[in-house]
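# Results of the structural survey
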Amino acid sequence: MASPGIEVELLVKGHSDLGEVAPEVKPSDSQTSVAIADLEWREMEGDDCGFHYGDGTNEAHDSDFPTVERSRLQEMLSLLGLETYQVQKLTLQDSLQISFDSMKNWAPQVPKDLPWHFLRKLQALNAEARNTTMVLDMPPEAWPAEKESQMEEEMMYWDPAEDVAADIYSFSELPMPDTPVNPLDLLCALLLSSDTFLQQEVLLKMSLCQFALPLVLPDSENHYHTFLLWALRGVVRTWWFQPPRGLGSFREDSVVLSRVPTFAFVRMDVSSNSKSQLLNAVLSPARRQWDCFWHRDLNLGTNPREIADGKKEYKLLYSMRESTTKYYFILSPYRGKRNTNLRFLNRLIPVLKIDHSHVLVKVSSTDSEGFVRRIRAIMCGVARSPCRRASVEDMANAARKLGLRVDEDFEECQKAKDRMEKIIRKVKDVDAYKRDELRLQGDPARKAAQVEREFCQLQWVSEPPEKHRAELRRRVLELRVQQNGQEPTSGVQEFILGISSPSPSERQYFLRWMEWGLARLGQPRPRQSPETLLTLRPKLGGPSDLTEPLWPEPLGVEHFLREMGQFYEAESCLVEAGRLPAGQRRFAHFPGLAVELLLGGLPLELVDGATLSIPVRWVTGLLKELHVRLDRRSRLVVLSALGVPGTGKSTLLNTMFGLKFATGRSCSPRGAFMQLLPVAEGFSQDLGCDQILVIDSGGLISGALSSAGDRFELEASLATLLMGLSNVTVVSLAETKDIPPAVLHAFLRLEKMGHMPNYQFVYQNLHDLPVPSPKPRDRRQLLDPPSDLSRAATHLEKQGGGFRTLAGLAERQHVWHIPALWHGAPPMAAVSLGYSEAIFELKRCLLENIRNGLSNQNKNIQQLIELVRRL
């Protein structure tokens, strides 16, 4: 047993992530993914810790939490203003609301500001979310004289996530100053007050910032600990895979499913060395220190914790051990106890079957860099050797045996999972499944879209031949009759049942399970190199078939909703033609089901990615249903983002507003999608709208240069449509000469129509290079399109003029240069602070323009419906 005064740290190669899990060891050091756990185990209130080596027991105290701890939790929740969210939990939609705070870079002034400030910063992927200063509500000159000398006590510095999990559940070792809130208490209280979907979003954003993630959430009030399996499912990590033969490649998968070597770092007693700082040094790339794990040298790092303590994590670690577990000890002389330490270790060596090479000595004169290299070498050696690999799901099974609650073990979650598995089991080949199970999206849908496109173009002909118009009506009706004769397949019916559940939570669980299940089809799949990932660009030339995708489109939830839309389109067409009585409709409720998903935060398809057209009846049905659901809060501002895939527009929108648009060309659907952002009631009058409808152009605009090609005409028409619907348009560019010709054409056509949205050009640096402030000449190059693009536009519009003249662009107010997304090289890179701050400034500018009326007049939903039909 560990004795008082002995300083020893245990580096264990085990099979569970306890306390908190860190990102992987960088590929250059280990050609595999590993999980790192950080845990403290030390004497509690004078009692021996009760850990016996070799006898398979753990006698740690596991008694009920005392009453005083329950009251501490309530006091903490009340202090942070979270007590009202213990029954009705805080939701993801609550955190996405646009309010006064969305437009200012504010600092928390009272403890109740802390949870919201942390969520706002985390939503924006701002690494400073962990290092925030709470300022006093009154200016210093207004402080009373007796308070002025106590300035240090009147300010609270907090840092809510750095070592996030391990030290969340460890015990304090040093006397600490009296401060209102420990940062880990804040994180614990926030997670306890959030529903499972917001918990999932918090952990996802923390992972993108390369923060260590919590595994176990303590709740002293209700006498249980929760293993965060569901909350971790959304985290996808990338690692380097090296087969025994051949070339290596990057792979990606959920951290929950990946089977990896697991390392646990445990402190056996008070130590002058910080194990968390050691872990950070091991995980950090060369010459870049990154505080993945929270440690005592950070802001409030030594402050006492009121609710973020736990007693079961070590027991979980111990239960996951096996005969092949390797033990290493880091020994530091402490209080002259060198001989005591050696005697202690000499007793352990034969029990654990280790030799003296497993004992590392670290003193003040030890070369820190050399010591870190040695730890890395040990870990890489263990990871490369044959060893048992464990997943987070395996750890959850062990947690259940120990009596811990697992956040997935709810009836609604499991019912949704079972329904997803019924659908996924039938998908043997994606292309075959689309053909056999999603039948309405085949040739009839493409042909119907083409005929309706031709019919719409007749509106612009001065005297269209009536015979041709009648022929087009006959052809489209024939195709819709053919579609209406089909029945939804078993997979589509199962999907409809899943989103028809009367329980909102079950619907959300089902959608998440579907997203993950469909994403894993064909996994594991190799990934491209980081350089390729950062410079994804579609090829300039497009295929001859207008509806042939420029890259394979993965099967996603949008395909099932698209199928529902086609059923609704066909049935509505027959009702309009008098071929079907309105009372015999079977699919009239489909828009209502889809709108519930939209209100729950799911992006819905506005432009069909398969046919490159708007299903007008389906979209009209969605908007009408949305108008009914929103009742009197239906004033809209439409914000769209256009650009070639790979220019970062979806990531920009997600970072700016916390949205969920698909990112990355390899997994991004082809159509344009819309998502709804609610505006807080107290802010809607000031902003001038109740909702912001955000549209992402997805993969619609390829950047093809052929001015006379059919694809260019189609892309230009779609760009005109999206910008014509918008009050504000963001054009995302990868290079200063990268204005897509289709977007240029849309500006020209809209100017001719007299409709010009407020627009912002965003140049995004896709490489990890510094971005200098643009010179006036650079701005002119950005705004004056190359001559070939001008010729392409004038060829279609029969008018000349430079783009800058037509648009009336104000240089300094409409052009943004955004730094690189990553700080370092993926997959170990975190989102750069410069990127996050630049995106916030762009967001503030957009909202200011909306509030000041620079984005033209807002629309109600009925006006938007008419605009869709007209465009």
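What you are looking at is a predicted structure, and each value in this text was computed from that prediction instead of being measured.

### Quick look at the nonpolar core
As a rule of thumb, soluble globular proteins bury nonpolar side chains together. One finds Ile98, Phe227 and Ile692 to be the most contacted residues of the largest nonpolar core, which totals 87 residues. With residues near it in sequence (within four places) discarded, Phe227 still touches Leu215, Val216, Leu316, Val392, Met395, Ala396, Ala399, Arg405, Val406 and Asp407. By size, the runner-up hydrophobic cluster in this structure holds 84 residues, among which are Val427, Leu438, Val557 and Phe567.

### Overview of the pattern of salt bridges
Per the stated rule, a full pass over the model turns up 34 salt bridges. Residue Glu569 is joined to Arg480 by a salt bridge in which the shortest nitrogen-to-oxygen separation is 3.5 Å. Placement of the pair is Glu569 in helix 20 (residues 557-576) and Arg480 in helix 16 (residues 466-484), with a sequence separation of 89 residues. Pair check on accessibility: Glu569 and Arg480 agree, each one buried. In this structure, Glu571 engages Arg585 in a salt bridge whose closest nitrogen and oxygen atoms are separated by 3.0 Å. In this pair, Glu571 is assigned in helix 20 and Arg585 in the loop between helix 20 and helix 21 (590-599), connecting sequence segments 14 residues apart. Using a relative accessible area of 1% as the deciding quantity, one classes Glu571 as buried. The network of salt bridges with common partners includes Glu452, Arg480, Glu569, Glu576 and Arg617.

### Regarding the packing of helix 23 (residues 649-657) against helix 31 (residues 833-851)
The N-to-C vectors of helix 23 and helix 31 enclose an angle of 75°; their axes lie 9 Å apart at closest approach. When the axes of helix 23 and helix 31 are compared, the pair comes out roughly perpendicular. Along the contact surface, helix 23 presents Thr651, Leu652, Thr655, Met656 and Phe657, while helix 31 presents Tyr835, Ile839, Leu842, Lys843 and Leu846. Class assignment for the residues of the contact of helix 23 with helix 31 results in seven nonpolar, two polar and one charged.

### A closer look at unusual backbone geometry
The phi dihedral of Lys353 falls on the positive side, at around 55°, and the residue is not glycine. Assignment of secondary structure puts Lys353 in the loop between helix 10 (338-352) and strand 13 (359-361). Although it is not a glycine, Leu612 sits at a positive phi angle of roughly 55°. Structurally, Leu612 can be placed in the loop between strand 16 (604-607) and helix 22 (616-630). For Leu612, a relative accessible area of 4% puts it in the buried group.

### Looking at the pairing of strand 18 (residues 672-678)
Buried residues dominate strand 18, accounting for seven of its seven residues. In strand 18, alternate side chains face the same way, and those of Ala672, Met674, Leu676 and Pro678 on one face and Phe673, Gln675 and Leu677 on the other are all buried. Pairing analysis gives three bridges linking strand 16 to strand 18, with the strands arranged antiparallel. By the bridge assignment for strand 18, Val607 is matched with Ala672. Relative to strand 19 (residues 691-696), strand 18 runs antiparallel, the two sharing six bridges.

### A few points about the confidence of the model for the protein
Regions with low pLDDT carry predicted coordinates that are not meant to be interpreted in detail. Overall, the predicted model of the protein reaches an average pLDDT of 76, with 72% of residues at or above 70. Taken together, the stretch residues 40-66 has pLDDT below 50 and engages in 65 contacts with residues farther than four places along the chain or on a different chain.

### Considering the sheet that holds strand 8 (residues 224-227)
Pairing is mixed across the open sheet formed by three strands, whose spatial order is 7-8-14. Either end of the sheet is taken by a strand with one partner, and the two such strands are strand 7 (216-219) and strand 14 (405-406). With two bridges joining them, strand 8 and strand 14 adopt parallel strand pairing. Looking at strand 14, one finds that Thr226 is bridged to Arg405.

Quick notes on the rules
- Residues numbered from 1 in each chain as written.
- Predicted model: local features only at pLDDT ≥ 70, side-chain atom pairs only at ≥ 80, totals over all residues.
- Heavy atoms only, no water.
- Core = buried A, V, L, I, M, F, W, Y, C linked by side-chain atoms within 4.5 Å.
- Buried < 20%, exposed > 50% of the residue type's maximum accessible area, 1.4 Å probe, protein only.
- Contact = heavy atoms within 4.5 Å.
- Salt bridge = Lys/Arg side-chain N within 4 Å of Asp/Glu carboxyl O.
- Helix = DSSP H or I, 4+ residues; strand = E, 2+ residues; numbered from the N terminus.
- Axes fitted to C-alpha atoms, helices over the stretch in contact; angles between N-to-C directions.
- Parallel < 35°, antiparallel > 145°, perpendicular 65-115°, else oblique.
- Nonpolar A, V, L, I, M, F, W, Y, C, P; charged D, E, K, R; others polar.
- Pairing = 2+ DSSP bridges.
- pLDDT = per-residue confidence, 0-100.

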